[in-house]
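Observations on chain architecture
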Protein chains: 2
Amino acid sequence: MNSEKSPPRIPSEPRTRIQRRNHKAILDAALDVFSSKGFRGATVDEIAQAAGLSKPNLLYYFPTKEAMHLALLSTLLDVWLDPLRTLDPQGDPVSEILGYVRRKLEMSREMPRESRIFANEVLQGGPHLGDTLGTVLKPLVDEKVEVIRGWIAAGRIAEVHPYHLIFSIWSLTQHYADFDVQVRTVLGDEGADPFPEAERYLVALFTKLLTP
Amino acid sequence: MNSEKSPPRIPSEPRTRIQRRNHKAILDAALDVFSSKGFRGATVDEIAQAAGLSKPNLLYYFPTKEAMHLALLSTLLDVWLDPLRTLDPQGDPVSEILGYVRRKLEMSREMPRESRIFANEVLQGGPHLGDTLGTVLKPLVDEKVEVIRGWIAAGRIAEVHPYHLIFSIWSLTQHYADFDVQVRTVLGDEGADPFPEAERYLVALFTKLLTP
DNA sequence: TGTTTGTTTGACCAAATGGTCAGGAACACG
DNA sequence: CGTGTTCCTGACCATTTGGTCAAACAAACA
């Protein structure tokens, strides 16, 4: 009755130990390659090699290159948006926003590959994102924008355009992951790690911006 | 004596009318395709078609795909850095920097393809840029950083880390070109053009940041 | 007009690449 | 040990793609 040959059913819940291990290895290798070469620039062979598998073996776990990419994007999106979710309407406005800035900047330092994979994707118009931006990102942002509007109305932070405030947090923090080469080249050898200085700069910037 | 067959010598100074016309058409088409698909994602055929030429005919003008890309990058870099060059040490500090922000933002609106082509390139570590960042970009930035340091020392603007100030101008302005899809999706239908609002936001931001 | 020089193309090629498949090895388990 | 399931591989295929080439065509010009 069941005539299909594709073995690993749903990637979300791997069965055996081997499957779990290889799944993880593949996704990690894929993250490496996709983030540094982009979707088109990445080859299945390279990902397989990075994962320590043969190409057919990789294709045994993920039917296509796109499936891998998609699995990555959807898995990472949650992680990626998490800092914004934790923005607490009950907290102190300035601290909350500064906390968000710090978390995002930390993610740029700790997870630059994740940042770049999204940058690559969005840069090219999000051909693999489908309507994810509209159905996942936008509602979340809309929700938090309302929170910020409330803070502004209560006079607890300065009047700023809430959407552009969020855009500015994204761009300022992700810049250090996405354009890492440029940042390091311009800064030169002095101060090999740009992040401590960046944090000081961004905290000062947003403090001045938000203080009424 | 001259046994080579490649006809168009130096692209920088085209001879005939036809050559000039096709050169322009090719570079424009290449800008279109490279900026929307990335280097690897772009195909010579697609560029040729966009330029209204056959593939072999395109290859008659540019020997390789890389040559096209390189010609584009080096041509555009000057344009791209021009706003920074015009930062005038003699001018009023805040106005000069705000002027720079406005010019960069305008470039994001008027030349998003150029912004994206650089973003794509830098994102992947600048494999086609060679040492351009170190030899062209860095010296210019270093020079302007000195100007900013002078302004700070004179107490004419607030104390900010000059390098990160420049990074923040880049990221905040280019964000609207590079992540256009995201910006428009999040903003939704209301306010189809994000730029006027963006300008107001950025001017306010940098004014607050720089005013001592 | 004839000849030289510049422009264009159809046909073609080699390499890279995403993906398939039949069967072999390893493992689980009765 | 035997048997069914899971895991893995070498060989192979079709398509895409960057690039070549000989020859046709057009322009310039003597």
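Analysis parameters
Residues numbered from 1 in each chain as written. Chains lettered and ligands numbered in written order. Predicted model: local features only at pLDDT ≥ 70, side-chain atom pairs only at ≥ 80, totals over all residues. Heavy atoms only, no water. Core = buried A, V, L, I, M, F, W, Y, C linked by side-chain atoms within 4.5 Å. Buried < 20%, exposed > 50% of the residue type's maximum accessible area, 1.4 Å probe, protein only. Contact = heavy atoms within 4.5 Å. Phe/Tyr/Trp six-rings, centres within 6.5 Å; stacked < 30°, edge-to-face > 60°. Helix = DSSP H or I, 4+ residues; strand = E, 2+ residues; numbered from the N terminus. Lys NZ or Arg CZ within 6 Å of the ring centre and 35° of its normal. Least-squares fit on C-alpha atoms with pLDDT ≥ 70 in both. Near = heavy atom within 4 Å. Domains from an automatic or database assignment. Buried area = accessible area lost by both parts, 1.4 Å probe. Salt bridge = Lys/Arg side-chain N within 4 Å of Asp/Glu carboxyl O. Polar contact = N/O pair within 3.5 Å; in protein donor to acceptor, adjacent residues only side chain to side chain. Nonpolar A, V, L, I, M, F, W, Y, C, P; charged D, E, K, R; others polar. Expected span 1.5 Å × (residues − 1). UniProt positions renumbered as here; feature names shortened; annotations may be inferred.

Looking at an unreviewed UniProt entry, one finds chain A named Transcriptional regulator, TetR family and attributed to Tropicimonas sediminicola.

Brief notes about the nonpolar core
Counting 142 residues, the largest nonpolar core has L165(A), F206(A), L165(B) and F206(B) as its most contacted members. Ignoring sequence-local partners within four residues, the contact set of L165(A) consists of I97(A), I148(A), V160(A), F206(A), L209(A), L210(A) and Y201(B).

Some details on the packing of aromatic side chains
Overall, the coordinates contain 12 aromatic pairs over all chains when judged by the stated rule. On the basis of an interplanar angle of 50° and a centroid distance of 5.9 Å, the ring pair of F167(A) and W170(A) is categorised as tilted. Here the residue F167(A) and the residue W170(A) both occupy positions in helix α8 (residues 162–178), the gap between them amounting to three residues, near one helical turn. Residue F167(A) is classed as buried on the basis of its relative accessible area of 1%. Taking 5.7 Å as the distance between ring centres and 15° as the angle between the ring planes, the aromatic pair formed by F34(B) and F39(B) counts as stacked. Aromatic rings pair up to connect F167(A), W170(A), Y176(B) and F195(B) into one cluster. Its guanidinium or amino end placed over the ring of F39(A), K65(A) lies 4.7 Å from that ring's centre, counting from NZ or CZ.

Regarding the relation of the copies chain B and chain A
Rotating chain B by 180° and moving it 0.0 Å along the rotation axis overlays it on chain A with an RMSD of 0.1 Å. Considering both components of the superposition, the chain copies are consistent with a two-fold axis. Counting the interface residues of chain B, we find that 100% of their copies in chain A are interface residues as well, pointing to one common contact surface.

Some words on the protein's contact with DNA strand C
Around DNA strand C lies a shell of 17 residues, among which K65(A), T16(B), Q19(B), S54(B) and Y61(B) are the nearest. Per the 4 Å cut-off to the protein, sugar and phosphate atoms form 57% of the nearby atoms of DNA strand C. Within the residue set of the surface near DNA strand C, elements represented by two or more residues are α3 (55–61) of chain A together with α1 (17–41) and α3 (55–61) of chain B.

What to know about the domain arrangement of chain A
Residues and elements named next belong to chain A. When the domains of chain A are assigned, the result is domain 1 (17–67) and domain 2 (73–210). Between domain 1 and domain 2, the C-alpha centre-to-centre distance is 28 Å. Domain 1 puts eight residues into the contact, and the matching count from domain 2 is seven residues. For the pair domain 1 and domain 2, the summed buried area comes to about 680 Å², and 59% of that belongs to carbon and sulfur atoms. Among the residues domain 1 hides against domain 2, the three largest losses belong to L31, S35 and F39. Together they make up 63% of the total. Ionic pairing is found between R113 and D32, a salt bridge with its closest N-O pair at 2.5 Å. Seen at the junction of domain 1 and domain 2, the total is two residue pairs in polar contact (both at pLDDT 80 or more). In terms of residue count, helix α1 (residues 17–41) provides more of the side of domain 1 that touches domain 2 than any other element does, seven residues in total. Looking at the side of domain 1 that touches domain 2, its residues break down into three nonpolar, two polar and three charged.

What to know about the pattern of salt bridges
Counted according to the given criterion, the structure contains 24 salt bridges over all chains. Between D28(B) and R113(B) there is a salt bridge; the shortest N-O distance is 3.5 Å. Of this pair, D28(B) sits in helix α1 while R113(B) is found in helix α6 (residues 112–123), placing the two residues 85 residues apart along the sequence. Owing to a relative accessible area of 41%, D28(B) belongs among the partly exposed residues under this scheme. Residue classification places R113(B) among the partly exposed residues on the basis of a relative accessible area of 25%. Note that R109(B) is salt-bridged to E110(B), the shortest N-O span being 3.5 Å. Within the structure, one salt-bridge network assembled from shared partners comprises D28(A), D32(A) and R113(A).

Description of the side chain of N22(B)
Mapped onto the elements, N22(B) comes out in helix α1. Setting aside chain neighbours within four positions, we find N22(B) in contact with L53(B) and Y61(B).

Quick notes on helix α5 (residues 93–110) of chain B
All names here are of chain B. Between its first and last C-alpha atoms α5 spans 25 Å; for 18 residues at 1.5 Å apiece the expected length is 26 Å, and the two agree. Residues P93, V94, E96, I97, L98, G99, Y100, V101, K104, L105, M107 and S108 constitute the buried set of α5. Packing partners of the buried residues in α5 comprise α4 (65–85), α6, α7 (132–153), α8 (162–178) and α10 (195–210).

A closer look at the UniProt feature "domain: HTH tetR-type" (unreviewed entry) in chain A
The positions UniProt marks with the feature "domain: HTH tetR-type" (unreviewed entry) are residues 20–80 of chain A. Split by type, residues 20–80 of chain A is 87% helix and 0% strand. Its first and last C-alpha atoms lie 23 Å apart.

Digging into the protein's contact with DNA strand D
Around DNA strand D, 17 residues are found, and the nearest of them are T16(A), Q19(A), N22(A), Y61(A) and K65(B). In the model, a phosphate oxygen of DNA strand D is placed 2.5 Å from a nitrogen or oxygen of the T16(A) side chain. Broken down by secondary-structure element, the contributors of at least two residues to the surface near DNA strand D are α1 and α3 of chain A together with α3 of chain B. Tallied by class, residues from the surface near DNA strand D come to seven nonpolar, seven polar and three charged.

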